[in-house]
Amino acid sequence: MESKEVKITEQDVIDVIHVFDKVPSLILRGFVSRNANVVKSFKNQIDSYKNKLSEEDIAKVAKVIEMQVPELQELMNNVYKKTHKKQLKILSDPKAEPFITKNLKELKNVLDL
């Protein structure tokens, strides 16, 4: 399945909201402000998890990587308004764009997409 056929929706973000909950908002804010490469820090866990992804999951990840960061942030902001997850508010802030860009690029490398 090509990622161009895939559309990322608010429901997709809601379906993976548990991932955002794993990082306390205060720590996430620190990562964002330092523009930390968290994907590199969790490379081993990502490597072990990627073999469990379905073709559809991989296509969705590829689509997210292809998306313009402001579009992705708008999606996260919309879900924040519904769920009030502070992590989504932090990531939807325009100041988080460099952090998201860096980590999506690293994720692309780690997943060989």
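Before reading further, recall that the structure is shown in the block above.
A brief look at the structure comes next.

## A word on unusual backbone geometry
Stage number 1. Of note in the backbone geometry, Asn35 takes a positive phi value of approximately 50° without being a glycine.
Stage number 2. Relative to the helices and strands, Asn35 is located in the loop between α3 (25-34) and α4 (38-41).
Stage number 3. The phi angle at His84 is positive, at roughly 60°, despite the residue not being glycine.

## Observations concerning α3
Stage number 1. What α3 keeps buried is the set Ser25, Leu28, Gly30 and Val32.
Stage number 2. Immediately beyond the C-terminal end of α3, within one or two residues, lies Asn35, with a positive phi of roughly 50°.

## Considerations on the packing of helix α7 (residues 69-83) against helix α9 (residues 97-111)
Stage number 1. Relative to each other, α7 and α9 sit at 110°, their axes nearing to 10 Å. Compared by their axis directions, α7 and α9 come out roughly perpendicular. Contacts from Val69, Pro70, Leu72, Gln73 and Met76 of α7 reach α9 at Glu97, Ile100, Thr101 and Leu104.
Stage number 2. Looking at the contact of α7 with α9 residue by residue, the class counts come to 6 nonpolar, 2 polar and 1 charged.

## Remarks on the side chain of Gln73
Stage number 1. Tracing the sequence through the fold places Gln73 in helix α7.
Stage number 2. Apart from the residues lying within four places of it in its own chain, the contact partners of Gln73 are Leu91, Ser92, Asp93, Pro94, Ala96, Glu97 and Ile100.

## Quick look at α7
Stage number 1. Compared with the 21 Å implied by 1.5 Å per residue over 15 residues, the 20 Å span of α7 between its first and last C-alpha is a close match.
Stage number 2. Regarding α7, the residues found buried are Val69, Leu72, Gln73, Leu75, Met76, Val79 and Tyr80. Along α7, the residues classed as buried sweep out an arc of 155° about the axis, all on the same side. Away from its buried face, by an angle of more than 90 degrees, α7 presents the exposed residues Glu74, Lys81 and Lys82.

## A few points about the packing of helix α6 (residues 55-66) against α9
Stage number 1. With their axes 9 Å apart at the nearest point, α6 and α9 run at an angle of 145° to one another. Crossing hand, α6 versus α9: left-handed. Counted together, Val61, Val64 and Ile65 of α6 and Leu104, Leu107, Lys108 and Leu111 of α9 form the full contact between these two elements.
Stage number 2. Residues that form the contact of α6 with α9 fall into these classes: 6 nonpolar, no polar and 1 charged.

## Quick word on the pattern of salt bridges
Opposite charge on two side chains permits pairing when their charged atoms draw close.
Stage number 1. This model, assessed by the stated rule, comprises 7 salt bridges.
Stage number 2. Between Glu10 and Lys82 there is a salt bridge; the shortest N-O distance is 2.4 Å. Placement of Glu10 in helix α1 (residues 10-15) and of Lys82 in helix α7 is noted, with a sequence separation of 72 residues between them.
Stage number 3. Judged by relative accessible area, Lys82 falls into the exposed class, the value being 56%.
Stage number 4. The partner of Asp112 in a salt bridge is Lys50, and the shortest N-O contact between them spans 3.8 Å. Pair noted here: Asp112 is in the segment after α9 and Lys50 is in helix α5 (residues 43-50), with a separation of 62 residues, a long-range link.
Stage number 5. Assessed through its relative accessible area of 63%, Asp112 is described here as exposed.
Stage number 6. Residue Lys50 is classed as partly exposed on the basis of its relative accessible area, which comes to 22%.
Stage number 7. Where salt bridges share partners, they join Lys43, Asp47, Lys50 and Asp112 into one cluster.

Definitions and cut-offs
- Counting restarts for each chain: residues are numbered from 1 in the order of the written sequence.
- Local features in a predicted model are, by the rule used here, given only for residues with pLDDT of at least 70; side-chain atom pairs are given and counted only at 80 or more, and totals for whole chains, interfaces and linings are based on all residues.
- Side-chain measures here rest on the full set of heavy atoms in the structure, leaving out hydrogens and waters.
- Strands are runs of DSSP state E lasting at least two residues, helices are runs of H or I lasting at least four, and both sets are numbered from the N terminus onward.
- Residue exposure (1.4 Å probe, protein chains only): buried if accessible area is under 20% of the type maximum, exposed if over 50%, otherwise partly exposed.
- Lines are fitted to the C-alpha atoms to define the axes, a helix being fitted only along its stretch in contact, and any angle between axes, read from their N-to-C directions, falls within 0 to 180 degrees.
- Roughly parallel covers angles under 35 degrees, roughly antiparallel covers those over 145, roughly perpendicular covers 65 to 115, and oblique covers all other angles.
- Note on contacts: a residue pair is in contact if any heavy atoms of the two residues lie within 4.5 Å.
- When residues are grouped by polarity, Ala, Val, Leu, Ile, Met, Phe, Trp, Tyr, Cys and Pro land in nonpolar, Asp, Glu, Lys and Arg in charged, and all others, Gly among them, in polar.
- A helix is expected to span 1.5 Å for every residue after the first.
- Each C-beta atom gives one direction from the helix axis, and the arc is the one those directions make.
- Should the near helix be turned anticlockwise from the far one by less than a right angle, the crossing is left-handed, and should it be turned clockwise, the crossing is right-handed.
- For salt bridges, the criterion is a side-chain nitrogen of Lys or Arg within 4 Å of an Asp or Glu carboxyl oxygen.

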